[in-house]
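# A closer look at the structure
In case you want the letters, here they are:
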Amino acid sequence: RFFRNLWRVTYLSVLFSVGYTGYLIWDLRNPAEQVDPDPTKKTLVVLGTGWGSVSLLKNLDTENYNVVVVSPRNFFLFTPLLPSCTTGTIEHRSIMEPIRNILRHKKASVKFYEAECTKIDYEKRVVYAKDDSDVKGDTMSTEIPFDMLVVGVGAENATFGIPGVREHACFLKEVGDAQKIRKQIMDCVETATFKDQSPEEVKRLLHMVVVGGGPTGVEFAGELQDFFQEDLLKWVPQIKDDFHVTLVEALPNVLPMFSKQLIEYTESSFKEEHIDIRTKTMVKNVTDKYIEAEVNKPDGTKEIEKIPYGLLVWATGNALRSVVKDLMSQIPAQAKARRGLEVNEYLVVNGAENIWAVGDCAVANYAPTAQVAAQEGAFLARLFNTMAKTDAIEAELQELSAKQATANPDDRKVILAEISERQKQLRRVKQIGPFSYSHQGSLAYIGAEKAVADVSWFSGNIASGGTMTYLFWKSAYLSMCFSTRNRVLVLFDWVKAKFFGRDVSRE
Ligand code: FAD
Ligand code: NAI
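These figures come from a predicted structure and were not determined experimentally. In this numbering scheme, every chain counts its residues from 1 along its sequence in written order. Each chain is given a letter, starting from A, and each ligand a number, starting from 1, according to the order in which they appear as written. Predicted model: local features are reported for residues with pLDDT of at least 70 only, side-chain atom pairs are reported and counted for 80 or more only, and whole-chain, interface and lining totals are derived from all residues. To get the side-chain values, take all heavy atoms of the structure and skip hydrogens and water.

## So, the site of ligand 2
Convention followed: Whether a residue is near a molecule or strand is decided by its heavy atoms; if any one of them lies within 4 Å of it, the residue is near. Two N or O atoms form a polar contact when they lie within 3.5 Å of each other; inside protein one atom must be a possible hydrogen donor and the other a possible acceptor, and for residues adjacent in sequence the pair counts only when both atoms belong to side chains. Every accessible area reported is derived by Shrake-Rupley at a probe size of 1.4 Å, with residue values counting cover from the shown protein chains alone. The helix and strand labels rest on DSSP assignments: H or I over at least four residues marks a helix, E over at least two residues marks a strand, and numbering proceeds from the N terminus.
Around ligand 2 sit 23 residues in total, of which Thr216, Glu249, Ala250, Val283 and Leu443 are the nearest. Within the backbone of Thr216, an N or O atom sits 3.0 Å from an oxygen atom of ligand 2. Between ligand 2 and Glu249 there is a distance of 2.6 Å, counted from an oxygen atom to a side-chain nitrogen or oxygen. Against a free-state accessible area of 840 Å², the protein chains account for coverage of 79% of ligand 2. Those elements giving two or more residues to the shell around ligand 2 turn out to be helix H8 (215-235) and strand E14 (281-286).

Take a look at the structure:
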């Protein structure tokens, strides 16, 4: 009897779980009808669909504003797994989430324009947007007026004006960059194995140079060496002695934001994996076949060295976008700002009213990371939701005050009690404190199924590196993926790469 009951309970729970999951999927595919935006409400324009802006949109009560989103990218990109797309460990679409899906699930509808904001006119309160996509209609540019503006346009790749970088190097910021690198790796391999290729040319073509020893450069170098060890060696064994990854860094060590112990661990792990690290080496010039770098020798002298390459990946950090530079030039309080829009503790752009900035384009004394951008976006959503509630309560208070002035003594008592209740509510709502960042730690994949992590734990810090940290890295990023769809796709990609290997065809 016990087993019969157990069987019934199990059967019913499985039936319930399947039904509930089915309902959730149905609900995801069939969002509820949306309320139209109210034209009397303020227009909130959000620039960008990256970490900062999407976190804001996800948490914002859109029925309180007329929300307009402008971005040249109609998707959110989960950047932490982008280095894995360069070798095909993960397919790029697995880490993209269409912005339309995100916006369609909001209560009130949001307008989205796939366009680049070319200028923000602070005085006129207008942003100018230009359709930069391949397909153009009769209208290619427009003006969008705003009452409130959130700038979340991120940053572009820093090149420090070094000649040849833009012409010859690949960057690693966008999906297109990862696709270009993937194609070029295979092009180098196929060209190196072309009949009668000279040994020097084979060596050059198979020399993969990564400039910049920050986390982007380190993660990419690790992924590339994995690709070589796990797949390329099997399918193209003749490149065994010539394929080589070199990481070039101007400072004395890589990963400066990690603890000393993890820097040493990464450097020794790269040595074991046969990835060359060239520290104290600053690239000064780039040609189509080699880079010229200034090398600081142990005796204190400097030497210019030519390093031939087949693939060059440039990962030397962030620079300001022109639209941000232009906005800064319109605001006198930003005259001294160099690294981005300086903001106050409520993320308001210093010297500007009703303009906020989040993420890599804002300077708030935090590192330009996804973690910071996401927390800033969520904070702004809370702030805007609160501001809308405050406006509503203040309007009610005004109405009640007018009523009480003409009311009879009995009604006045009731109205006064209501006013007092609303005032209390207003005080509670207004209690939103300034933005404060909570650092959860730093994680980076370093290849050969190893990762490094500096994780905050209560009031202390835990530094760890190795295979267990790699499993932690995997589970942390899997759980942080934007949607269940992304999580399932990433998981499938990992399993696929493990069982069948990465795809070595050149698209
Ligand atoms: P972004 O996410 O870059 O978004 C900017 C948005 O603005 C994009 O949608 C873009 O299309 C849009 N845009 C650009 N120009 C305009 C314009 N003129 N008008 C309108 N819209 C515009 N951080 C971590 O914390 N952990 C990690 O593991 C990590 N890994 C990373 C790996 C890589 C390869 C890279 C490149 C970065 C990584 N980062 C990581 C850093 C993180 O991605 C950035 O800090 C984060 O993306 C910043 O968010 P953002 O919203 O400011 O900008
Ligand atoms: P970065 O700014 O962290 O590192 C760039 C590196 O390039 C620096 O170490 C610099 O010394 C070096 N460099 C600059 N010019 C050079 C030259 N001419 N020659 C040789 N070396 C040169 O840049 P990165 O890695 O692109 O990261 C950007 C931001 O994104 C950082 O804030 C980083 O923390 C974040 N990020 C975080 C990740 C993670 O947490 N796993 C992964 C990737 C990025």
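## Notes on the sheet that holds strand E9 (residues 148-151)
To be explicit about the condition: Strand pairing is assigned whenever DSSP identifies at least 2 bridges connecting the two strands. A fitted line through C-alpha atoms serves as each axis, taken over the contacting stretch for helices, and the angle formed by two N-to-C directions is quoted from 0 to 180°. A contact between two residues is defined here by any heavy atoms of the two lying within 4.5 Å.
Read from one edge of the open sheet, five strands run E5-E2-E1-E9-E20, paired in parallel fashion. In this open sheet, the two strands that pair with only one neighbour each are strand E5 (111-114) and strand E20 (355-357). Taken pair by pair, the neighbouring strands of this sheet meet at an average axis angle of 15 degrees, ignoring direction. When E9 meets E20, the two strands line up parallel, connected through three bridges. Paired with Leu149 across the bridge in E20 is Ile355. Running over the sheet, helix H2 (residues 51-59) touches strand E1 (43-47), strand E2 (66-71) and E9 and is turned about 145 degrees from E1.

## Remarks on unusual backbone geometry
At Phe160, a position not held by glycine, the phi torsion is positive, near 55 degrees. With respect to the secondary-structure elements, Phe160 resides in the loop between strand E10 (156-157) and helix H5 (165-168). The phi dihedral of Leu255 falls on the positive side, at around 45 degrees, and the residue is not glycine.

## So, the nonpolar core
Stated formally: Among buried residues, the Ala, Val, Leu, Ile, Met, Phe, Trp, Tyr and Cys ones that are joined through side-chain atoms within 4.5 Å form a nonpolar core. Relative accessibility under 20% of the residue-type maximum defines a buried residue, over 50% an exposed one, and the middle range a partly exposed one, all with a 1.4 Å probe and only protein chains included.
With 127 residues, the main nonpolar core has Leu81, Ile120, Val151, Phe243, Leu380 and Phe384 as its most contacted residues. In terms of residues, this core owes the most to one element, helix H11 (residues 370-406), which gives nine residues. With 15 residues, the next largest nonpolar core counts Val209, Val248, Ala293 and Tyr309 among its residues.

## Examining the site of ligand 1
Counted only if it meets this: Charged residues are taken to be Asp, Glu, Lys and Arg, nonpolar residues to be Ala, Val, Leu, Ile, Met, Phe, Trp, Tyr, Cys and Pro, and polar residues to be all remaining types, Gly included.
Of all residues adjacent to ligand 1, which total 29 residues, the nearest are Gly52, Thr79, Cys117, Asp360 and Tyr477. Thr79 places a side-chain nitrogen or oxygen 2.6 Å from an oxygen atom of ligand 1. Within the backbone of Val153, a nitrogen or oxygen atom sits 3.4 Å from an oxygen atom of ligand 1. Protein chains shield 90% of the accessible area of ligand 1, which is 990 Å² for the free molecule. Counting residues per element, the shell around ligand 1 draws most heavily on H11, which supplies three residues. Across the shell around ligand 1, the residue classes break down as 13 nonpolar, twelve polar and four charged.

## Describing the pattern of salt bridges
The following threshold applies: A carboxyl oxygen of Asp or Glu within 4 Å of a side-chain nitrogen of Lys or Arg is what we treat as a salt bridge.
By the definition in use, this model includes 23 salt bridges. With a shortest N-O distance of 3.3 Å, Lys195 and Asp196 are connected by a salt bridge. You can call Lys195 exposed: its relative accessible area is 63%. Overall, Asp196 belongs to the exposed group, its relative accessible area being 69%. Ionic pairing is found between Lys496 and Asp493, a salt bridge with its closest N-O pair at 3.8 Å. Here Lys496 and its partner Asp493 are both found in helix H14 (residues 484-500), three residues apart, which amounts to about one turn of the helix. You can call Lys496 partly exposed: its relative accessible area is 39%.

## Section: a nonpolar patch on the surface
Worth spelling out the cut-off: Residues qualify for a patch when their relative accessible area is over 30% and they have no salt bridge, like charges being joined within 9 Å and the nonpolar side chains of Val, Leu, Ile, Met, Phe, Trp and Tyr within 5 Å.
On the surface, Phe16, Tyr20, Tyr23, Leu24 and Trp26 cluster together into a nonpolar patch covering about 600 Å² of accessible area. Its relative accessible area of 60% is what places Phe16 among the exposed residues.

## Digging into the sheet that holds E14
Strand order in this open sheet of three strands is E14-E15-E16, and the pairing throughout is antiparallel. In this open sheet, the two edge strands, each paired with only one partner strand, are E14 and strand E16 (302-308). The mean angle between the axes of side-by-side strands here comes to 30 degrees, regardless of whether they run parallel or antiparallel. The pairing of E14 with strand E15 (residues 290-296) spans five bridges and is classified as antiparallel. From the neighbouring strand, Thr281 faces E15, where its bridge partner is Val295.

## Let's talk about the packing of aromatic side chains
Applicable threshold: Here a Phe, Tyr or Trp ring, Trp counted by its six-membered ring, pairs with any other such ring whose centre lies within 6.5 Å, and the pair is stacked when the planes are under 30 degrees apart, edge-to-face when over 60, and tilted otherwise. Our definition puts a charge over a ring when NZ of Lys or CZ of Arg is within 6 Å of the ring centre and also within 35 degrees of the ring normal.
Scanning all chains against the criterion turns up 18 aromatic pairs. Aromatic side chains Tyr445 and Tyr470 sit 5.3 Å apart centroid to centroid with 40 degrees between the ring planes, which places their arrangement in the tilted category. Taken together, the positions of Tyr445 in strand E22 (residues 441-447) and Tyr470 in helix H13 (residues 467-480) put the pair 25 residues apart, joining distant regions of the chain. Against the face of Phe482 rests Lys58, its NZ or CZ located 5.0 Å from the ring centre. The residue whose ring lies beneath Lys474 is Trp494, and the NZ or CZ to ring-centre distance is 4.6 Å.

## Focus on the state of the cysteines
To keep things clear, this is the line we draw: Cysteine sulfur atoms are paired as a disulfide whenever they fall within 2.5 Å.
Under the definition given, this model contains zero disulfides. Cys188 takes part in no disulfide bond, and the closest cysteine sulfur, belonging to Cys170, lies 8.8 Å away. A residue is classified by how much of its surface remains accessible, and Cys188, at 5% relative accessible area, is buried.

## Details of the packing of helix H6 (residues 175-192) against H8
Inclusion rule: Any angle that falls under 35 degrees is termed roughly parallel, while one over 145 is termed roughly antiparallel, one within 65 to 115 roughly perpendicular, and all others oblique. Crossing handedness follows the turn of the near helix against the far one: under a right angle anticlockwise gives a left-handed crossing, and clockwise gives a right-handed one.
At their nearest, the axes of H6 and H8 sit 13 Å apart, and the two run at 45 degrees to each other. Here H6 lies oblique to H8, going by the angle between them. Note on packing geometry: the crossing formed by H6 with H8 is right-handed. Across the interface between the two elements, Ile181, Ile185, Met186 and Val189 from H6 touch Phe220, Leu224, Phe227 and Leu232 from H8. Residues belonging to the contact of H6 with H8 are distributed by class as follows: eight nonpolar, no polar and no charged.

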